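Report on the structure
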Amino acid sequence: MIKKPVLTVLMSLGLTFGFSLTSHAETVLERAARTGTLTVGTLTGAVPLSYVNDQGQLVGYSIDLVNLIKARVEEQLGRSIQIDFVTITPEDGMAKMEGREIDLACNVGFTWNRDLFVDFSVPLARSGTRILSKSGSGLGSPESLKGKRIGVFPKTIAEQVIKLVQPDATFVSISSLEAGFEAVNSGSIDALASDMIALEGYRQTVSQPNSFMTSPEQPYNREGIACIVPENNSKFLDVVNYSIIRLMQGYLDGEESSVATINRWFGSQGIITIDPKLIEDYFTEVINSREQIRIK
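Please read these numbers as outputs of a predicted model, since none were measured by experiment.

1. Considering the pairing of strand β6 (residues 104–109)
As a general feature of sheets, a regular strand has side chains that alternate between the two faces. Most of β6 is tucked away: 6 of the 6 residues are buried. Pairing of strand β1 (residues 37–42) with β6, which is carried by 2 bridges, proceeds in the parallel orientation. What sits directly across from V40, in β6, is L104.

As structure tokens, this is what we get:
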């Protein structure tokens, strides 16, 4: 038991430094129940995962997923919840999560080092590192990148992978996908290295997509793309995992809303076209790592 003088000192320190002693240990769900808000960090240029469309709306596969997570949280808490979207970058997303500035972020590539500081959900997609260059450039193999100017986003998996694959390339820091595409188009860099989903998604939105190519056919590495939550929030992580698995199960079972969500981004009329069999196989693999959910 804490003695009264010690407790008084602790309470005084809490007031002096402007924080609540109890709120420091507050979980994401506890804070959502108290404030009615979930703070979600998101990229704004990662087509088709999360990006701002021509109408100025934040859209994408992970944005749809966040709304499903929101609905599940509301069901669990028995109250309405508001989503407060905060823009993050590949450089600052992890820091904002560790600092508890955000409660949730998706489209994050898994690494064992990152897993030391945040908790990852089941993977919502599988991705890897490729490069984008002008069509016919012949770039793709590790040997072809030697001495080439490769655009990279600092502190990303892609940067680390390309530096391992071809340390004799010249690395140029890039601030955004748009800037990277413009640099490739102008010739100021020879190629742009990034997540292959984001590269291909953005390529298909430019005015002349056939002017660019992504390579190699087999990416330099593979990693799961997932959502992250602050450490020690197992109940909230359960909600996130359930929402992901529920969407995948709905797609496999032909549930209209789930099929529409996936096809919006990855179907024949989506931003990126993926063979439905590949989607089915991947979703089945993820679901089988947990438990099937009965869709009524």
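2. With respect to the pattern of salt bridges
For side chains bearing opposite charge, pairing can occur when the charged atoms are close. Tallied over the full model, the rule gives 12 salt bridges. Between E159 and K163 there is a salt bridge whose closest N-O contact spans 3.3 Å. In this pair, E159 and K163 both sit in helix α5 (residues 157–165), 4 residues apart, roughly one turn of the helix. The buried category is assigned to E159, whose relative accessible area is 14%. Taking the relative accessible area as the measure of exposure, K163 reaches 37% and is therefore partly exposed. The residue D281 makes a salt bridge to K277 at a minimum N-O spacing of 3.0 Å. Within this pair, D281 and its partner K277 are both found in helix α10 (residues 276–288), separated by 4 residues, close to a single helical turn.

3. Overview of the packing of helix α8 (residues 234–252) against helix α9 (residues 256–266)
The interhelical angle for the contact between α8 and α9, taken along N-to-C directions, is 100 degrees, at an axis separation of 7 Å. It follows that α8 is roughly perpendicular to α9 by the angle criterion. Packed against α8, whose contacting residues are R246, L247, G250 and Y251, the element α9 presents S258, V259, T261, I262 and N263 at the interface. Within the contact of α8 with α9, the residues separate by chemical class into 4 nonpolar, 4 polar and 1 charged.

4. Quick look at the nonpolar core
Across soluble globular proteins, nonpolar side chains show a tendency to be buried alongside one another. One finds Y61, L104, L124, L192 and F236 to be the most contacted residues of the largest nonpolar core, which totals 59 residues. Apart from the residues within four sequence positions on either side, F236 is in contact with V28, L29, L38, I69, V73, D103, L104 and V229.

5. Notes on the environment of T89
As for its position among the elements, T89 is in the loop between β5 (82–87) and α4 (93–98). The exposure class of T89 is partly exposed, given its relative accessible area of 31%.

6. Remarks on the layout of surface pockets
What the largest pocket holds in volume is close to 1,200 Å³. Lining of the largest pocket is provided by 45 residues; of these, L43, T89, P90, N107 and T156 occupy positions nearest its centre. By residue number, the principal contributor to the lining of the largest pocket is β6, which donates 4 residues. Among the residues forming the lining of the largest pocket, the class breakdown is 20 nonpolar, 17 polar and 8 charged. Computed from the structure, the second largest pocket encloses a volume of approximately 650 Å³. Going through the elements one at a time, β8 (125–134), α7 (196–203), α9 and α10 are the ones with two or more residues in the lining of the second largest pocket. Here the lining of the second largest pocket takes 6 residues from α10, the largest share from any one element. Grouping the constituent residues of the lining of the second largest pocket by class yields 13 nonpolar, 3 polar and 6 charged.

7. Observations concerning the sheet that holds strand β2 (residues 45–46)
Taken in spatial order, the 3 strands make up an open sheet running β2-β3-β4, and their pairing is antiparallel. In this open sheet, the two strands that pair with only one neighbour each are β2 and β4 (58–59). Where strand β3 (residues 50–52) meets β4, 2 bridges bridge the pair, whose relative direction is antiparallel. Counterpart to V52 in the pairing with β4 is L58.

Thresholds applied
- Residues numbered from 1 in each chain as written.
- Predicted model: local features only at pLDDT ≥ 70, side-chain atom pairs only at ≥ 80, totals over all residues.
- Heavy atoms only, no water.
- Buried < 20%, exposed > 50% of the residue type's maximum accessible area, 1.4 Å probe, protein only.
- Helix = DSSP H or I, 4+ residues; strand = E, 2+ residues; numbered from the N terminus.
- Pairing = 2+ DSSP bridges.
- Salt bridge = Lys/Arg side-chain N within 4 Å of Asp/Glu carboxyl O.
- Axes fitted to C-alpha atoms, helices over the stretch in contact; angles between N-to-C directions.
- Parallel < 35°, antiparallel > 145°, perpendicular 65-115°, else oblique.
- Contact = heavy atoms within 4.5 Å.
- Nonpolar A, V, L, I, M, F, W, Y, C, P; charged D, E, K, R; others polar.
- Core = buried A, V, L, I, M, F, W, Y, C linked by side-chain atoms within 4.5 Å.
- 1 Å grid on protein atoms, 1.4 Å probe; cavity = no way out; pocket = protein on both sides within 12 Å on 5 of 7 lines; lining within 4 Å.
- Points joined across faces, edges and corners; volume = space filled by probe spheres on them.

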